[in-house]
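Each chain, written out:
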Amino acid sequence: MKLVEEFELGLEAPICITWELTYACNLACVHCLSSSGRRDPRELTTAEAKGVIEELERMQVFYVNIGGGEPTVRKDFWELLDHAAEHGVGVKFSTNGSRIDAAAAARLAASDYVDVQVSIDGATAAVNDAVRGPGSFETALGALEHLAAAGFQQPKISVVVTRHNAGQLDEFKAIADRYGAQLRITRLRPSGRGADVWDELHPSADQQRSLYTWLLEHGEEVLTGDSFFHLSAYGEALPGLNLCGAGRVVCLIDPVGDVYACPFAIHDEFLAGNVREPRGFEGVWRDSELFTELRRPQSGGACESCGHYDACRGGCMAAKFFTGLPLDGPDPECALGHGEALLAARGADTAIPAPAVDHSRVKPARLRPPAKVCDENPLADFLAVAGPAPRGAAA
Amino acid sequence: MSTEDSLDGRWRLHPQVALRPERFGALAYHFGSRRLSFLKSRRLLEVVEGLEAAPDVSAACRAAGVPEAELPSYRRALATLAETDMIVPAEAPA
């Protein structure tokens, strides 16, 4: 049996686990896949988070990708980092860089167990800040400067490819080289607030083709989190695991302990359980109904008769789900264009699932005072929070 | 860089490498290089776990029950692990 086929049947423990430590974030990126902003009051406590780390150690999960929100805003962030190191669990954390000052960089450089990933989504301030908010480009580069000055070895620079930065790949590589960093490029998913901007931000078919060629040229020197496996249908496979690992080799723990099949699928449909259950994370990973189902042989559906199915495996489950496409059909960005045809054929009656949780911050109500006090709906705040995030909420 | 020809003497797992058994074999993770490798059979896992106790890699293979005819392919797999520092000569300092 090929390794990919073995992986599709699931592993004893995940290879790649993402743990969003908090929904709190000081930025409000328009494409945030966890719709972060406000802290959730039910967030795991320090003791609970340490318990998760100890469970990961017992399961021999070698490393965990920590994100958010902005994970460094948690008051116990450094304590949890130390706890992970003490328990032999490596950490790679994603940050917007706002809290990586000289002292933090020095502390990080002193640990063998920590890797840092700084996010930028444009190779220029104009392109980046339009997505991530004013000043965020400068902040990220400042963090990279601190890390370089502290002697931190090869941090990562993480870029989500959009229509506006797809032409800047060489410039991103140059920025990474300048800071002694490794470039990581991942796919824009229509998840969280990403669903609101996906139509206008996702790369065009031509851009995808160029991206594929660029990735092949750069091989393993550029990381991708294996997120472009759907592009393998163009021909040669890209480096890495070319499969959807959801619930099989990958999963997400969210800030309140909910375990989802993958970081891009925060929706009840992909919720396997919670680490607070008596069976713990290990029990959810091994025995949950959802993960057991995902590890059964899946039908390729409409894609099975396609000659490229072995290469792309039907693409990304979350991308299909949040664009209202059938899970056993082509990816919305199918290299052969089958996804585009399906997207165009969606009717007004096509149900497009909304994210299950939304912690987006909304502008304080006092900015738009009601004409009369009694005009204010007592549920206005609640309704605003529960509704979709306004476009361009980045500021 | 090691090659198959330089797999002489006693070898062992790099001290920063952890092994996790899986149905198909095992995962090997190097905490120093942050590289993940796959051992594609349970027998290869047994071989790697037995390296340090054996005088050389061929003896480790035989101890794990590798048939003579398959020795070359196991040596190739071990050479790949040596190239990425997953296994190191036992004499080398940790």
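To keep things clear, this report deals only with the structure shown in the data block. What you are looking at is a predicted structure, and each value in this text was computed from that prediction instead of being measured.

## Details of the overall build of chain A
- Counting its secondary structure elements, chain A contains 15 helices and nine strands.
- For chain A, the C-alpha radius of gyration of 21 Å lies close to 21 Å, the compact-globule estimate for 395 residues.
- Relative to its full complement of 395 residues, chain A shows a buried share of 48%.
- Taking the intrachain contacts of chain A between residues at least 6 apart in sequence as the baseline, contacts between residues at least 24 apart amount to 69%.

## Thoughts on the pairing of strand 2 (residues 63-67) of chain A
All names here are of chain A.
- Most of strand 2 sits out of view: five of its five residues are buried.
- With burial as the criterion, each face of strand 2 is covered, one bearing Y63, N65 and G67 and the other bearing V64 and I66.
- Where strand 1 (residues 16-20) and strand 2 come together, four bridges link them in parallel fashion. Across the sheet, W19 pairs through a bridge with I66, a residue of strand 2.
- With helix 3 (residues 77-86) bridging strand 2 and its parallel neighbour strand 3 (residues 90-95), the resulting β-α-β unit is right-handed.

## Description of the interface of chain A and chain B
- Each partner contributes residues to the interface: chain A has 11 residues there, and chain B has 12 residues.
- When its residues are assigned to classes, the side of chain A that touches chain B shows five nonpolar, two polar and four charged.

## A short note on the environment of A205 of chain A
- Along the chain, A205 of chain A falls in helix 9 (residues 205-218).
- The class for A205 of chain A is partly exposed, based on 13 C-beta atoms found within 10 Å.

Scoring rules and cut-offs
- Residues numbered from 1 in each chain as written.
- Chains lettered and ligands numbered in written order.
- Predicted model: local features only at pLDDT ≥ 70, side-chain atom pairs only at ≥ 80, totals over all residues.
- Helix = DSSP H or I, 4+ residues; strand = E, 2+ residues; numbered from the N terminus.
- Rg over C-alpha atoms; globule rule 2.2 N^0.38 Å.
- Buried ≥ 20, exposed ≤ 12 C-beta atoms within 10 Å, placed from the backbone.
- Contact = placed C-beta atoms within 7 Å.
- Pairing = 2+ DSSP bridges.
- Right-handed = clockwise from strand over helix to strand, strands pointing away.
- Nonpolar A, V, L, I, M, F, W, Y, C, P; charged D, E, K, R; others polar.

Everything listed here is a matter of geometry and, on its own, says nothing about what the molecule does.
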